[in-house]
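Spelled out from the first residue to the last, the chains are:
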Amino acid sequence: MAVFDTKQIMEIIPHRQPFLLIDTIEELEPGVRAVGKKCVTYNEPFFAGHFPNEPVMPGVLIIEAMAQTGAAAILSKPENQGKTAYFAGINNAKFKQKVKPGDVLILELEIVKEKGPIGVGKGTAKIDGKLAVSAELTFAIGSGE
C-alpha cells in the first residue's frame, strides 16, 4: 500500500497535472529517501509528439519524475514544508532503456548530501527491476513564493 496517493503528494510538492509525473509514493524516509511509482499510459500528453509512431517517454521527464520523488522526501521534513525544491544541476544521467506506454516506473531517490538549502540526490528509474535511467540531481530549497 502506498505511503502517499496523488492527492497527498500534491499537499507536499507544488506540481499539478499535466506536470505531476508521479502517481504514488511507495516508501518514504523524510529528508533521506523516497520511492515513487509512475504508471505510464498511452494517454500521456507528450506521446502525441514523442513520437507518434513509436511512443517513448522523454528522458527529461523521467528525470523530472525522479526529481519529484526526491522533492517528496526533502519537502516532507518539517522545516521544509510549504517550500519548493528547484533543480540546481543534473549530473551523470544515463539512459539504459526506453520507457513506453504500459510500463510502470519505480523511481527511487536518496539524498546523499545536504548543506544549507542545497543538496544532492542519487536516483534511479526502473522497469520490472531493470535500470532504465540513473542520475545525480542537485537541488536548491526555495521559499515556494
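Scroll up for the structure.
Calculation criteria
- Along every chain, residues carry numbers that run from 1 in the direction the sequence is written.
- Under the rules for a predicted model, residues below a pLDDT of 70 receive no local features and side-chain atom pairs below 80 are neither given nor counted, while totals for whole chains, interfaces and linings still include all residues.
- Water and hydrogen atoms play no part in the side-chain values, which are based on all heavy atoms of the structure.
- By definition, any uninterrupted DSSP run of H or I lasting at least four residues is a helix, any uninterrupted run of E lasting at least two residues is a strand, and each is numbered from the N terminus.
- Throughout, the radius of gyration refers to the C-alpha atoms, and the reference size of a globule is 2.2 Å times the residue count to the power 0.38.
- Each residue gets one of three labels from its accessible area relative to the maximum for its type: buried under 20%, exposed over 50%, partly exposed in between, using a 1.4 Å probe on protein chains only.
- Residue contacts follow a heavy-atom distance rule, with two residues in contact if any of their heavy atoms lie within 4.5 Å.
- Residues enter a nonpolar core if they are buried and are Ala, Val, Leu, Ile, Met, Phe, Trp, Tyr or Cys, with the set joined through side-chain atoms within 4.5 Å.
- Two strands qualify as a pair provided DSSP detects at least 2 bridges between them.
- Angular values range over 0 to 180 degrees, each being the angle between N-to-C directions of two axes fitted as lines to C-alpha atoms, with helices fitted over their stretch in contact.
- Take the number of residues in a helix, subtract one, and multiply by 1.5 Å to get its expected span.

Asks: How would you summarise the overall build of the chain if you had to cite specific residues and measurements?
Replies: A tally of regular secondary structure across the chain gives two helices and six strands. Helices (α) and strands (β) of the chain occur, in sequence order from the N terminus, as α-β-β-α-β-β-β-β. Against the 2.2 N^0.38 benchmark of 15 Å for 145 residues, the chain shows a C-alpha radius of gyration of 14 Å, consistent with a compact globule. Each principal axis of the C-alpha distribution contributes one length, and for the chain these read about 45 × 30 × 30 Å. With 145 residues in all, the chain has 44% of them scored as buried. A separation of at least 24 residues holds for 61% of the contacts in the chain among residues at least 6 apart in sequence.

Asks: Residues and numbers for the environment of Leu-75, please.
Replies: Within the secondary structure, Leu-75 sits in the loop between helix H2 (59–74) and strand E3 (84–95). Expressed as a C-alpha distance, the spacing of Leu-75 and Ile-141, which sit 66 residues apart in the sequence, is 8.5 Å. Look past the residues within four positions of Leu-75 in its chain and what remains in contact with it is Ile-12, Ile-13, Asn-80, Gln-81, Lys-83, Thr-84, Ala-85 and Ile-141.

Asks: Now, about the nonpolar core: what can you tell me, with residues and values included?
Replies: Core analysis: the largest hydrophobic core is formed by 34 residues, its most contacted members being Ile-13, Ile-22, Met-57, Met-66, Val-99 and Leu-105. Going through the elements one at a time, helix H1 (6–12), H2, strand E4 (104–115), strand E5 (118–127) and strand E6 (130–142) are the ones with two or more residues in this core. Considering every element that reaches this core, the biggest residue donor is H2, with eight residues. In contact with Leu-105, not counting residues within four places along its chain, are Gly-36, Lys-37, Lys-38, Val-40, Met-57, Ile-62, Val-99, Ala-125, Lys-126 and Ile-127.

Asks: Explain the sheet that holds E3 to me, using residue names and the numbers behind them.
Replies: One open sheet holds the six strands; their spatial order is E1-E2-E4-E5-E6-E3, and the pairing between them is antiparallel. Both outer strands of the open sheet, strand E1 (24–29) and E3, are each paired with one neighbouring strand and no more. Pairs of neighbouring strands in the sheet enclose a mean axial angle of 20°, with direction left out of account. One ladder, built from five bridges, connects E1 with strand E2 (residues 33–39); its direction is antiparallel. If you follow Leu-28 over to E2, its bridge partner there is Ala-34.

Asks: Describe H2, naming the residues involved and giving the relevant values.
Replies: Because each turn of an α-helix spans 3.6 residues, side chains separated by three or four positions end up pointing in the same direction. Under the 1.5 Å per step criterion, the end-to-end length of H2 is 23 Å for 16 residues, consistent within 8% with the ideal 22 Å. Of all 16 residues in H2, 13 are buried, a share of seventy percent or more.

Asks: Please give an account of the pairing of E5 that cites residues and values.
Replies: Looking at chain direction, E4 and E5 are connected through ten bridges and run antiparallel. When the sheet's bridge partners are listed, Lys-115 is paired in E5 with Ile-118. What sits between the antiparallel neighbours E4 and E5 is a turn of two residues, in which Gly-116 has the positive phi angle 60°. Sheet analysis places E5 next to E6, joined by ten bridges and oriented antiparallel. Along E6, the bridge assignment pairs Ile-118 with Ala-140. Linking E5 back to E6 in an antiparallel pair, the connection comprises two residues, with Asp-128 at a positive phi of about 50°.

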